[in-house]
Amino acid sequence: MIDLAFTLNGAPCTVAAPPFAPLSDTLRERLGLTGTKEGCNAGDCGACTVLVDGAQACACLIPSAQAQGAEIQTVDATQGAVGAVLARLRASFLAHGAAQCGICSPGMLMAAADLLLRDAAPDRAAVRDALGGVLCRCTGYAKILDAVLDAAPKAVPAPLAGEAVGASIARLDGVAKLDGTDRFGADEAPADALWLRVVRSPHASARFSLGDLEAARRELGLEAILTAADVPGVNAFGIMPNLKDQPVLADGLVRFRGEAVLGLVGTREAVAAVRDAALPITWHPLLALHGAEAASAAEAPQLHAHAPNNLLIEGRLNRGTPARDVAHAEGRFTTAFVEHAYIEPEAGYAQPAPDGLGMEVFACTQAPYMDREETARVLGVAEELVRIRPSACGGGFGGKLDVSVQPLLAVAARKLNRPVRIIYSRAESMASTTKRHPASITARMAADAQGHFTSYEFDADFNTGAYASWGATVANRVPVHAGGPYRIANLRNRARAIYTNDTPAGAFRGFGVPQAAIATESLVDDLAEQLGLDRWEIRRRNAIGRGDTTHSGQVLHASAGLPECLDALKPDWEAMLAQVASHNADEPRIRLGAGIACMWYGCGNTSMSNPSRMKLTLARDGTLTLFNGAVDIGQGSTTVMAQICADALGLPLENFRFVLGDTSRTYDAGKTSASRQTFVSGRAAMETGLALRRRILALANAGDDAALRLEGTQLHVGSARVIDLATLPADLEAEGRYDPPTTALDENGQGTPYATYGFAAQIALVSVDTGLGVTKVRRIVAAQDVGRAVNPTLVLGQIHGGIAQGLGLALMEEFLPGRTENLHDYLIPTVGDVPEIAVHLIEDPEPEGPYGAKGVGEPALVPTAPAILSAIRHATGVTLRQVPVLPHRLWEQMR
Amino acid sequence: MGMTAYHRPTTLLDALAIRAGADVAVLAGGTDIFPARIARAAWGDPTHRDVLDISALPGLRDIEETDDGWRIGCLVTWSALARRTLPPLFDGLKAASREVGGMQVQNRGTLVGNLVTASPAGDGIPNLLALDAAVEIASPRGTRLLPVAEFLTGYRATALAADELVLALHVPRLEGAQGAFRKLGARHYLVISIAMAAGVIATDDTGRITEARIALGACSAVAQRLPGLEAALLGVARAQATRVPQPHHLEAITPIDDIRATAAYRRDAALVLLQDLLEARA
Ligand SMILES: Cc1cc2nc3c(=O)[nH]c(=O)nc-3n(C[C@@H](O)[C@@H](O)[C@H](O)COP(=O)(O)OP(=O)(O)OC[C@H]3O[C@@H](n4cnc5c(N)ncnc54)[C@H](O)[C@@H]3O)c2cc1C
Ligand code: FES
Ligand code: FES
């Protein structure tokens, strides 16, 4: 420890800190300034960006010793020039919706402040250069660029009662995300919490035995070394109700590199100082099965007793009899593991109740109620004894649906009967949590002479990794969607999830549908080429629409706006084609190409009940509180639920207070996944608002259209009646619930798997440097049927973010276990990679949805990669059937 | 972690004494040291050598003009380099300084640190080779000057002895010379090079090339000059230079397959990068 003196946000500061500790750590853990975030501790994400002597720098790369005598400014700065610039940037970020989950926002703000202090009126290129070192996984950067460039943002005025739905109001949780006060998983813990560090397997497949742990514990100065034997309940977790196949701590056998083996608990210094090599673990490596092909081989060892041939599950859809036709295309396609790369690694703490039974877990999550169930099982206690308090969630995208830190923390806290905290390192997060399933797909498609699709066949193996996670969901969802949003009478689809010794694959925006769309849209381009049809034209001819029957036999009675999406894109498409033709006429090396793709996506769980329930109270003191169990992971559900509920009730948003996703205070609103929150929980919020409204109207004996107004405890109902809430015998309370109507799928995959579907089409303009094989996406135009845009700014944010992730999937993202476990070898798009994006919002209202709305979260990602591949093919003439299209892969195909 | 001793001397004499007296890791901007430390700790090795932080040493943050050229102090950051007014000779190095990582890294990382790390993908290195730079090295035994090509001895290996520090880089003057740099990566910012090419070209009044120094990075364990290509460029009209590079000029490179690209691609891309590098400027 050394004593440091420096200027912090304009004021003198002294602190004792280890000289080699990163400055970010000293700011967060010793000075309590948790506004500065840590996403990687390796300079790769920029979340920790601060100003040092007026210049932006990663606080995670600065030894605290170098702070001596320096002037440090953080997102907490309020004074002086930095404070003034930050204030104006915050307002602009809020107005533009530039913060979604908000974990990158402090870093973005500081990088932008660095620029604006040097250059008060920068151009877009200068802003890109300044922000190039900060990654954002949610926004696709577009709104961030707009916010930095817009010096005089106009705040959207608060909507009147009944006019919240459809208004682009600023997100209600935005201020805390922008001033650094939002509490993410790593930002809060009891002062007396011990630290947990997990020792993970360096082998993908191995048996292990443990030596004298008690001697090791004493020697290393730890409070405990946890093993499988310390799990008080069932040492297993997993998504599927009937398949809890993953141990909290491995019991003598590991099935993937990164699997948890031991838990070290002690002071932070003690657990951090332990060398894994000093622990008494003896490894006996076994043959590891990498990839679905190796795991399906006849001689492959069986990884789980319940899964012969390592087959977890197979999903099918059969309809009609596929046959060849005038035009016929087929291909084999492969996709890689894709990492969610949320900027917030998993973190949190567990606090045991003194009774030895109860447990509270504060952590980042997308699914608090599932976490509660998993944690309770692992602890061997009743679910009600576990309380999950979700922290702010710094990005999820499906990766925080499974438990990660929760059961480990709970086991440790129970064992030591003390609060225990953990913060995953970036490498640990990447090595141990779920990924997008790599797919290997064979597909065929046929069309008649008029270009009408007649048959489709799809056979895919999805590598589900060492444990099931969401493998079954992928296998169920994919056959329903694989054929794409087109009228096709004959289909034979099969999707298998295969166990391997790779990192578990789980849920990731789209549950396997993005992989399938890459294959299908490529075949559609093949058919268009064979028939001499324009690629837009063939899609328009086959686009499924209202009144049509889906591949699972469901008639789309309403809200099926794909034809409208395509029509909206037609002028852009023609302009793009013209631009490509004129450019390519005299430019042999840098070729332009235009591409197009469509998608559909069922909102909510596949053929499964997935209810949502909410509560609204109007207390006698005049406070109006929505108890909303839906977790906002940045997509904006907190704001959207409020807008919907406000209009249903008929009071303006500013009257509302909120209690959010806390298993002891809110009802179960289901998980934040499958694009279901706006649709399912939104409808529950609407029903809740309507229910309270009915009670009020009944109390006041007023008519249906009576306007409400709340002034203190005086509730005005219509022009004549006033209820004095203070005089009521009890608070007014109402509940609403919604469970989308679905039916089970039969053995041929026929039924009504979803109550509604989202539809979208995108076109992409790319340039390809044919000399180097480098692709740059120049422009994307998206058209998406969202039913009703409850908050257009938030909807656009989802679409921009989905497009950026789709671009990554297409061009750069490939997780290789053991090789790309950081954010410099695993590449996600930076602000310099994201193209100009234009969006047409199509609103074909969904009668089941709240005010016509349906899901938006996942659909935006699905068409992007296939549209980019289509454009690359247009530019170069080569068809890519493997993603990501790294420069060397494109170069190989072009030769 | 707690065991690591940390020295931050304020005189060169003290620094050299610490360096000579113990096995220490020299730390300047820390942008290589910290990520390497995190990567080891992630898989269970939190130990670290003692640290000699040289950032408080005086007089090493400047780029001075000398009789023969320029002396770049070992604490000169990428940003400082980019901001400094320098002749076109430095255009390649300056271009590299704007493409290293993001601005956060450019503001802290040093050119010398990049050289000493001696990564095949270090963006500064081919530029220093093309600039014919020499390394000024100090130890309690005295100072010595070593050409960059001799300083680099292998994959992440240098000729620096255990008691030595790099004090500066020396870049000789070359009248009428123009530097250039081409970097190839799979994304826009924050990207490790798949391959890169750097060059310095001097021409006479008729536009003929009088000196050419061309180097490739990330195409072998150590970045290297291409003497065959350099010879072939001599006397060629500058406007024609882009046609000169041929596959046989690349015979000495030994690219590898890794997560970023294949060897075959690197070899081919290197040729294109060289052609682009030699493209005449308007
Ligand atoms: C996010 C990120 C992105 C990056 N992107 C790129 C990139 O695109 N291209 C690229 O080339 N590099 C890149 N780098 C690495 C680059 O930042 C470093 O190579 C940097 O230039 C090293 O300088 P430093 O002062 O930070 O070195 P340090 O980390 O302090 O030291 C680096 C090495 O040099 C030694 N050293 C430093 N100074 C001396 C001295 N005077 N005498 C003796 N030994 C010394 C140290 O002991 C250590 O071995 C990136 C780094 C990060 C974190
Ligand atoms: S935490 Fe510092 S760059 Fe990621
Ligand atoms: S808002 Fe940028 S990472 Fe979530």
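Looking at an unreviewed UniProt entry, one finds chain A named Molybdopterin-dependent oxidoreductase and attributed to Falsiroseomonas oleicola. Under the Sequence similarities (unreviewed entry) heading, UniProt states for chain A: "Belongs to the xanthine dehydrogenase family."

1. Looking at the overall build of chain A
From N to C terminus, chain A includes 21 helices and 31 strands. Here chain A has a C-alpha radius of gyration of 27 Å; the compact-globule value for 895 residues is 29 Å, and the two agree. Its C-alpha atoms give chain A principal-axis dimensions of roughly 80 × 80 × 60 Å. When each of the 895 residues of chain A is scored for burial, the buried share is 67%. Pairs at least 24 residues apart make up 78% of the contacts formed inside chain A by residues separated by at least 6 positions. Of the roughly 27700 Å² of accessible surface on chain A, a fraction of 50% belongs to carbon and sulfur atoms. Computed over 79 positive and 97 negative side-chain charges, the separation of the two mean positions in chain A equals 1 Å.

2. Some words on the overall build of chain B
For chain B, the count of helices and strands is 10 helices and 14 strands. Relative to its length of 282 residues, chain B is compact, with a C-alpha radius of gyration of 19 Å against a globular reference of 19 Å. Each of the 282 residues in chain B was classed as buried or not, and the buried ones make up 57%. Total accessible area computed for chain B in this model is approximately 11100 Å², and 53% of it derives from carbon and sulfur atoms.

3. Points about the sheet that holds strand S26 (residues 714-717) of chain A
Neighbouring strands of a sheet are bound in pairs by backbone hydrogen bonds; such pairs are parallel or else antiparallel. All names here are of chain A. As summarised here, the arrangement of the three strands in space is S25-S26-S27, forming an open sheet in which the pairing is antiparallel. This sheet does not close on itself; its edge strands, each paired only once, are strand S25 (708-711) and strand S27 (721-724). In this sheet, adjacent strand axes meet at a mean angle of 20° when their direction is disregarded. Bridge count between S25 and S26: four bridges; the pairing is antiparallel. Within the sheet, the bridge partner assigned to Glu 711 lies in S26 and is Gln 714.

4. Overview of the nonpolar core
One recurring pattern in soluble globular proteins is that nonpolar side chains are buried together. Within the largest apolar cluster, 211 residues are counted, with the highest numbers of intra-cluster contacts made by Phe 93 of chain A together with Leu 233 of chain B. By size, the runner-up hydrophobic cluster in this structure holds 77 residues, among which are Cys 13 of chain A together with Leu 86, Phe 90 and Val 166 of chain B.

5. Looking at the packing of helix H3 (residues 105-118) of chain A against helix H4 (residues 124-131) of chain A
Residues and elements named next belong to chain A. Between H3 and H4, the least distance of the axes is 9 Å, while the angle of their chain directions is 130°. One element, H3, and the other, H4, form an angle in the oblique class. Here H3 and H4 pass one another in a crossing that is right-handed. Contacts between H3 and H4 involve Met 108, Ala 111, Ala 112 and Leu 115 from the former and Ala 126, Val 127, Ala 130 and Leu 131 from the latter. Looking at the contact of H3 with H4 residue by residue, the class counts come to eight nonpolar, no polar and no charged.

6. Here's the deal with the packing of aromatic side chains
If you walk through the whole model with that rule in mind, you get 16 aromatic pairs over all chains. Ring centres 5.0 Å apart and planes at 85° place the aromatic pair Trp 70 of chain B and Phe 90 of chain B in the edge-to-face group. Of this pair, Trp 70 of chain B sits in strand S5 (residues 69-73) while Phe 90 of chain B is found in the loop between helix H3 (78-83) and helix H4 (91-99), placing the two residues 20 residues apart along the sequence. As far as burial versus exposure is concerned, Trp 70 of chain B and Phe 90 of chain B are alike and both buried. Cluster of aromatic residues (ring-pair linked, three or more members): Trp 600, Tyr 754, Tyr 757 and Phe 759 of chain A. The ring of Phe 20 of chain A has Arg 37 of chain B sitting right over it, with the charged end atom 3.8 Å from the ring centre.

7. Overview of the domain arrangement of chain A
Residues and elements named next belong to chain A. You can read the domains of chain A as domain 1 (1-177), domain 2 (194-288 + 346-423), domain 3 (439-605 + 746-894) and domain 4 (612-738). One C-alpha centre belongs to domain 2, the other to domain 4; they are set 38 Å apart. Across the contact, 17 residues belong to domain 2 and 16 residues belong to domain 4. Together domain 2 and domain 4 conceal approximately 1200 Å² of surface at their shared face, both sides included; 59% is due to carbon and sulfur atoms.

Rules of the game
Residues numbered from 1 in each chain as written. Chains lettered and ligands numbered in written order. Predicted model: local features only at pLDDT ≥ 70, side-chain atom pairs only at ≥ 80, totals over all residues. Heavy atoms only, no water. UniProt positions renumbered as here; feature names shortened; annotations may be inferred. Helix = DSSP H or I, 4+ residues; strand = E, 2+ residues; numbered from the N terminus. Rg over C-alpha atoms; globule rule 2.2 N^0.38 Å. Buried < 20%, exposed > 50% of the residue type's maximum accessible area, 1.4 Å probe, protein only. Contact = heavy atoms within 4.5 Å. Areas by Shrake-Rupley, 256 points an atom, 1.4 Å probe, with all protein chains shown as cover. Lys, Arg positive; Asp, Glu negative; His and termini not counted. Charge placed at Lys NZ, Arg CZ, Asp CG, Glu CD. Pairing = 2+ DSSP bridges. Axes fitted to C-alpha atoms, helices over the stretch in contact; angles between N-to-C directions. Core = buried A, V, L, I, M, F, W, Y, C linked by side-chain atoms within 4.5 Å. Parallel < 35°, antiparallel > 145°, perpendicular 65-115°, else oblique. Left-handed = near helix turned anticlockwise from the far one by under 90°. Nonpolar A, V, L, I, M, F, W, Y, C, P; charged D, E, K, R; others polar. Phe/Tyr/Trp six-rings, centres within 6.5 Å; stacked < 30°, edge-to-face > 60°. Lys NZ or Arg CZ within 6 Å of the ring centre and 35° of its normal. Domains from an automatic or database assignment. Buried area = accessible area lost by both parts, 1.4 Å probe.

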